[in-house]
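Overview (structure and organization)
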Amino acid sequence: MTRLGGPLRTPAEVTTGEISVTTARQHKTHTARRRLLAATAVTATVAALTAGCIKDGNDNKAAPPSPSPVTSPSLSSSPSVSPADADKAEVQTAYDRYWRVLTEAYAKADASGTALKEVASGSAYAQTESGLAGLRNSGQVVTGEAKHSGTSVSFKDGQQLKTAIITDCVDITQWKPVDKKTGKEVPLSPKRLLRYTTTLTAEKWPNGWVVIEEKIPGQAC
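Description of the structure in this document. Since we're looking at a predicted model, the values are computed, not measured.

**Observations concerning the pairing of strand β6 (residues 208–215)**
The pairing of strand β5 (residues 195–205) with β6 spans 7 bridges and is classified as antiparallel. Paired with A202 across the bridge in β6 is V211. Remark: 2 residues form the turn of the hairpin made by β5 and β6, two consecutive strands paired antiparallel.

In structure tokens, the structure reads:
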């Protein structure tokens, strides 16, 4: 008998019960560990997959298109001008100025204060001064201006200086002599040519083209 008054157990029965209890506890412990490991593995897998998705998402983002290079419009080159054409343009400019100076001088019958010495020389200058002197002696001036048409420029070879030949048709219909005191138009001979050809020779001096000769052959144009 025992102090509890119950039946006595054999040592085998006591050992078997204790082993069963121990085994059950060990089984529960192992099961809990397996569950913990499985949960940890699932958590790691989910984290890895999530990281992979985020990384793939970043990698798959389309890069912003690079700006297209701006192409400047090509400037079309201006047509080249030949030396001969450039010289002709210079002569034409000088000839136009020559006539502006003549118009200014004849409007007051005096070359003073004009650029006559810059645009004319030689016989052309002397001829102009002679015509101005004749106007002063007659008490006349010339008003209006002459018109020009068919002006052509050519060049004379073999000269020490560049030499140009200018041919022109001059219309003096509106370039009229008037009495300086009364302002009345001076009657002229009906045989006077109102449109005539003229041929001038100009040389290129250091300061530009200068008319050195003018011939009026008395031919209508």
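Read on for the rest.
**Description of helix α2 (residues 83–106)**
In this model, α2 (24 residues) spans 35 Å end to end at C-alpha, consistent with the 34 Å of a helix rising 1.5 Å per residue. Within the span of α2, buried status applies to D87, V91, A94, Y95, Y98, W99, V101, L102, T103, A105 and Y106.

**Topic: the packing of aromatic side chains**
When we look at a pair of aromatic rings, we describe it by the centre distance and by the angle of the planes. Scanning the model with the defined rule gives 5 aromatic pairs in all. Both rings, one in Y95 and one in Y98, keep their centres 6.4 Å apart while their planes meet at 15°; by these two values the pair is stacked. Note that Y95 and Y98 are positioned in helix α2 at a spacing of 3 residues, about one turn of the helix. Per residue, the accessibility class of Y95 equals that of Y98, and both read buried. Summarising the aromatic geometry, the rings of W99 and W175 are spaced 5.5 Å apart at their centres and angled 70° between planes, so their arrangement reads as edge-to-face. With a gap of 76 residues between them, W99 in helix α2 and W175 in strand β4 (residues 175–179) connect regions that are remote in the sequence. Comparing W99 with W175, the two get one shared label, buried.

Criteria and thresholds
- Residues numbered from 1 in each chain as written.
- Predicted model: local features only at pLDDT ≥ 70, side-chain atom pairs only at ≥ 80, totals over all residues.
- Heavy atoms only, no water.
- Pairing = 2+ DSSP bridges.
- Helix = DSSP H or I, 4+ residues; strand = E, 2+ residues; numbered from the N terminus.
- Expected span 1.5 Å × (residues − 1).
- Buried < 20%, exposed > 50% of the residue type's maximum accessible area, 1.4 Å probe, protein only.
- Phe/Tyr/Trp six-rings, centres within 6.5 Å; stacked < 30°, edge-to-face > 60°.

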